[in-house]
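# Architecture at a glance
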Amino acid sequence: MVNRYLREQNYIDGMWVHADSGATIDVTDPATSARIGVVPRSGQAETRRAIAAADAAFQTWRRTTALERSQLLRTLHDLIVRNQQALAELLTLEQGKPLAEAVGEIRASAGYVLWFAEEARRTYGEMVPSPWADRRILVTREPVGVVAAITPWNFPSSMLARKLAPALAAGCTVVAKPATQTPYSGLAWGALCEEAGFPKGVVNILTGNAGEIGDELCLNPIVRKLTFTGSTEIGKVLLAKCAATVKKVSMELGGNAPFIVFDDADIDRAVDGAITSKYRNSGQTCVCTNRFLVQSGVYDRFVDKLAAATGKLKVGSGLDPQTQQGPLIDAKAVNRVEALIKDAVGNGARIATGGKRHMLGGSFFEPTVITGATSDMLCMKEEIFGPIAPVSRFETEEEAIARANDTEFGLAAYFYTADLARAFRVMERLKYGMVGVNEGLITTVEGPFGGLKESGIGKEGGRQGIDDYLDMKYVCLGGLEGS
Ligand SMILES: NC(=O)c1ccc[n+]([C@@H]2O[C@H](COP(=O)([O-])OP(=O)(O)OC[C@H]3O[C@@H](n4cnc5c(N)ncnc54)[C@H](O)[C@@H]3O)[C@@H](O)[C@H]2O)c1
Ligand SMILES: O=C[C@H](O)CS(=O)(=O)O
């Protein structure tokens, strides 16, 4: 495969290197499982070297000025924008999403870099009025140091952008491990940072044995912060391991988004929002709607319109410009989706459209609407991470809010209503980190992204996104008699 950003080696201390053993991991086409390339199968030793390189680089990088870091990040942003097509093709090849969505992800990545190029120069401190005539009170914010970043396969570029950009802006250095299924978009960040002129060791990207690399990143005391995006299950494992050295942690974890449609909603707008929120990346996003709660008065109309729109979605290769639904990430994901449908139907749900593997075979699956869903079904309780839309009926606002909140997750929630008073009542009672009101696509760098409860800790993007990469220091400046 010819792509100027394809790298099949680790990027450590400014060098492209194989795993010490020379061992590799196959990278496969999500649709067919055919091998498309290899990456290093690294472990603890390579990770230790990457951490040491980041630590050495930090001693200099931390002393660059905010303006210098801002200018380098702008150079990085411009590089990403100029090469968005090549980066998007690489992303679609390894992850499968439609090329248009991949271009959107690359543009979002560039957006995070530009945002934090600007935020780099606004990490203000404070001077607090002193109670003592001979002393002054200063509050400063300083880079935390070496940051470890572990990212998922579903947005292999933008999830790393959300970590690299604020970390570099704050003056930190980074060791990143991309997902095993989609390593190339992560390694491409090494090539981009190298091309932009970031000093060696500031950014280090390595692939390999997730457990071994993860253990070293979590347990090595030189690493002062772990930022993780992935499943709640793995997030809990890493959170516990980071306790041993009391690291700062950011956790962007799983979701179980409710999508509530009230009787007074604009149904066509709600269906448009439902399609976007449910089927983006073939339902493989953390903020995808996981369950639809529809008030009785509009239930039949909403289901009919949603099923009709879902049935029109074009399934195919992500490289085909006509495709709206690419393959799931692998065969395991297909089996999981099938099992959720079987459980729902076995408990009385009905299939309004879809419901089985697509005729294209491989990891392609029919976008599916399930009606008559009830709260005891697995698809209403677990993160689906696939193109299934379970629809359940409700009677009252109280019932909708109670059911929406009845989950250990708290990432994103959506609801549609024309009633402003109801909008405020529901918005204020939903226990979620992010809420879309009459909108199904809410992610933007300006909005602080992150969840509550078992959906995570911390925010990415927004004014708040750089805070997790800074330590606050209080300085009492004495000996100022007569000042
Ligand atoms: N909240 C968010 O912003 C957000 C964004 C994207 C995805 N996600 C979540 O991510 C999940 C899907 O991504 P996934 O399947 O890659 O998640 P995952 O948890 O299986 O893997 C995430 C990353 O952790 C690594 N990993 C796995 N086991 C590890 C271990 N023992 N030690 C160290 N690292 C380990 C993987 O290699 C990968 O790089 C979903 O639950 C989704 O909701 C959340
Ligand atoms: O999967 C989770 C991503 O954060 C989705 S989004 O593109 O940021 O909305």
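In the annotation of an unreviewed UniProt entry, the chain is listed under the name Succinate semialdehyde dehydrogenase and assigned to Nitrospirillum amazonense. Heading Sequence similarities (unreviewed entry) of the UniProt record for the chain holds this comment: "Belongs to the aldehyde dehydrogenase family."

## Quick look at the domain arrangement of the chain
Taken as a whole, the chain is organised into domain 1 (10-253 + 451-474) and domain 2 (257-437). Taking the mean C-alpha position of each, domain 1 and domain 2 sit 31 Å from one another. At the junction of the two partners, domain 1 supplies 24 residues and domain 2 supplies 28 residues. In total, about 2,100 Å² of surface goes out of reach between domain 1 and domain 2, with carbon and sulfur atoms giving 59% of it. Summed over the three residues of domain 1 that lose the most area to domain 2, namely Ala31, Trp153 and Lys453, the buried surface amounts to 24% of that side. Applying the counting rule to domain 1 against domain 2 returns zero salt bridges. In this assembly, domain 1 and domain 2 are joined by 14 residue pairs in polar contact (both at pLDDT 80 or more). Those elements that provide at least two residues to the side of domain 1 that touches domain 2 are α3 (84-95) and α4 (99-119).

## Describing the sheet that holds strand β13 (residues 289-295)
The strand order β14-β15-β16-β13-β12-β17-β18 describes an open sheet built from seven strands, whose pairing is mixed. This sheet does not close on itself; its edge strands, each paired only once, are β14 (350-353) and β18 (434-437). The sheet shows a mean angle of 25° between the axes of neighbouring strands, taken without regard to direction. In terms of strand pairing, strand β12 (residues 257-261) meets strand β17 (residues 412-416) through three bridges, oriented parallel. Considered in β17, the bridge of Phe259 is made with Tyr414. Sheet contacts for helix α13 (residues 397-405): β12, β13 and β16 (388-394); angle to β16, the most-contacted strand, approximately 140°.

## Focus: the packing of helix α2 (residues 66-82) against α4
Here α2 crosses α4 at 165°, and the two axes come no closer than 8 Å. Judged on the interaxial angle alone, α4 and α2 are roughly antiparallel. Where α2 crosses over α4, the two elements pack in a sense that is left-handed. Judged by residue contacts, Ser70, Leu73, Arg74, Leu76, His77, Ile80 and Val81 of α2 engage Ile106, Ala110, Val113, Leu114, Phe116, Ala117 and Glu118 from α4. Class assignment for the residues of the contact of α2 with α4 results in 10 nonpolar, two polar and two charged.

## Some details on empty space enclosed by the protein
One way to see where empty space is left: roll a probe the size of a water molecule over the atoms. In the structure shown here, the tally under the stated rule is three cavities of 30 Å³ or more. Lining the largest cavity, in full, are Ile80, Leu87, Ile106, Ser109, Ser157, Ser185, Ala188, Trp189 and Leu192. Looking at the lining of the largest cavity, the elements with two or more residues in it are α4 and α6 (184-196). Broken down by class, the residue content of the lining of the largest cavity amounts to six nonpolar, three polar and no charged. Of the volumes computed, that of the second largest cavity is approximately 50 Å³. Along the wall of the second largest cavity there are 13 residues; nearest its centre are Thr285, Cys288, Asn290, Glu383 and Phe385. Looking at side-chain class alone, the lining of the second largest cavity contains five nonpolar, six polar and two charged residues.

## Some remarks on unusual backbone geometry
With phi around 70°, Ser33 is a residue other than glycine that occupies positive phi space. Within the fold, Ser33 resides in the loop between β3 (24-28) and β4 (35-40). At Ser282, a position not held by glycine, the phi torsion is positive, near 55°. In this structure, Ser282 sits in the loop between α9 (267-279) and β13.

## A word on the packing of aromatic side chains
Under the definition given, this model contains nine aromatic pairs. Relative to Phe292, the ring of Phe259 has its centre 4.9 Å away and its plane inclined at 50°; by these criteria the two rings are tilted. Of the two residues, Phe259 sits in strand β12 while Phe292 sits in strand β13, which places them 33 residues apart along the sequence. Given the relative accessible area of 0%, Phe259 is considered buried. On the basis of relative accessible area, Phe292 is assigned to the buried category, the value being 0%. Here the aromatic rings of Phe262 and Phe394 are separated by 5.5 Å at their centres, their planes lie at 85°, and the arrangement is edge-to-face. Here Phe262 is found in the loop between β12 and α9, whereas its partner Phe394 is found in strand β16, with 132 residues between them in sequence. One exposure class covers both Phe262 and Phe394, and it is buried.

The rules behind each value
Residues numbered from 1 in each chain as written. Chains lettered and ligands numbered in written order. Predicted model: local features only at pLDDT ≥ 70, side-chain atom pairs only at ≥ 80, totals over all residues. Heavy atoms only, no water. UniProt positions renumbered as here; feature names shortened; annotations may be inferred. Domains from an automatic or database assignment. Contact = heavy atoms within 4.5 Å. Buried area = accessible area lost by both parts, 1.4 Å probe. Salt bridge = Lys/Arg side-chain N within 4 Å of Asp/Glu carboxyl O. Polar contact = N/O pair within 3.5 Å; in protein donor to acceptor, adjacent residues only side chain to side chain. Helix = DSSP H or I, 4+ residues; strand = E, 2+ residues; numbered from the N terminus. Pairing = 2+ DSSP bridges. Axes fitted to C-alpha atoms, helices over the stretch in contact; angles between N-to-C directions. Parallel < 35°, antiparallel > 145°, perpendicular 65-115°, else oblique. Left-handed = near helix turned anticlockwise from the far one by under 90°. Nonpolar A, V, L, I, M, F, W, Y, C, P; charged D, E, K, R; others polar. 1 Å grid on protein atoms, 1.4 Å probe; cavity = no way out; pocket = protein on both sides within 12 Å on 5 of 7 lines; lining within 4 Å. Points joined across faces, edges and corners; volume = space filled by probe spheres on them. Phe/Tyr/Trp six-rings, centres within 6.5 Å; stacked < 30°, edge-to-face > 60°. Buried < 20%, exposed > 50% of the residue type's maximum accessible area, 1.4 Å probe, protein only.

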